[in-house]
Amino acid sequence: AKHVDIPPPTAIEAIKFRMDQMGYKQKDLVPFIGNKARVSEVLAGKRAMTVKMIRNLSQGLDIPSEILIGTGQVALL
């Protein structure tokens, strides 16, 4: 048997995964990130997330802030 380390998802991958799970569209992230253009920029990787955006997404979508920050050091229970 092989043991393969799977790296943690990037912030964008985690957001898109949760969006898919919840049936959300980009417009549904406006309350967490800002206007539609800003949501598009964040999801395309053209704009960095602010602390406020990270906090809102973590609480609103139940994504560990460690994933959104990019440390990847999160214990899943």
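Scroll up a little and you will see the structure.
1. Looking at the overall build of the protein chain
Then, in step 1: The helix and strand tally for the protein chain stands at 5 helices and 0 strands.
Then, in step 2: Traced from its N-terminal end to its C-terminal end, the protein chain shows the element sequence α-α-α-α-α.
Then, in step 3: For the C-alpha atoms alone, the extent of the protein chain along its principal axes is close to 45 × 25 × 25 Å.
Then, in step 4: Of all 77 residues assigned to the protein chain, the portion counted as buried reaches 26%.
Then, in step 5: Counted over contacts in the protein chain with a minimum sequence separation of 6, partners at least 24 positions apart contribute 47%.
Then, in step 6: A total of about 5,700 Å² of accessible surface is found on the protein chain, and carbon and sulfur atoms cover 54% of it.

2. As for the nonpolar core
Then, in step 1: Residues I15, L29, I33, M49, L57 and L68 are the most contacted members of the largest nonpolar core, which totals 18 residues.
Then, in step 2: Residue contacts for I15: discarding those within four places in its chain leaves L29, L43, M49, L57, L61, I63 and L68.

3. Some thoughts on the pattern of salt bridges
Then, in step 1: Inspection of the entire model under this criterion finds 1 salt bridge.
Then, in step 2: E41 is paired through a salt bridge with R47; the nearest N and O atoms lie 2.6 Å apart.

4. Overview of the environment of D5
Then, in step 1: With respect to the element layout, D5 can be found in the segment before helix 1 (11-22).
Then, in step 2: Residue classification places D5 among the exposed residues on the basis of a relative accessible area of 64%.
Then, in step 3: A distance of 3.1 Å separates the side chain of D5 from the side chain of H3, its partner in a polar contact.

5. Re the packing of helix 1 against helix 4 (residues 51-61)
Then, in step 1: Two elements in contact, helix 1 and helix 4, have axes separated by 11 Å at closest approach and are oriented at 35 degrees. Like other packed secondary-structure pairs, helix 1 and helix 4 cross with a definite hand, here left-handed. Each of I15, R18 and M22 in helix 1 lies in contact with helix 4, whose residues at this interface are L57, G60 and L61.
Then, in step 2: When its residues are assigned to classes, the contact of helix 1 with helix 4 shows 4 nonpolar, 1 polar and 1 charged.

Rules behind the numbers
- Residues numbered from 1 in each chain as written.
- Predicted model: local features only at pLDDT ≥ 70, side-chain atom pairs only at ≥ 80, totals over all residues.
- Heavy atoms only, no water.
- Helix = DSSP H or I, 4+ residues; strand = E, 2+ residues; numbered from the N terminus.
- Buried < 20%, exposed > 50% of the residue type's maximum accessible area, 1.4 Å probe, protein only.
- Contact = heavy atoms within 4.5 Å.
- Areas by Shrake-Rupley, 256 points an atom, 1.4 Å probe, with all protein chains shown as cover.
- Core = buried A, V, L, I, M, F, W, Y, C linked by side-chain atoms within 4.5 Å.
- Salt bridge = Lys/Arg side-chain N within 4 Å of Asp/Glu carboxyl O.
- Polar contact = N/O pair within 3.5 Å; in protein donor to acceptor, adjacent residues only side chain to side chain.
- Axes fitted to C-alpha atoms, helices over the stretch in contact; angles between N-to-C directions.
- Left-handed = near helix turned anticlockwise from the far one by under 90°.
- Nonpolar A, V, L, I, M, F, W, Y, C, P; charged D, E, K, R; others polar.

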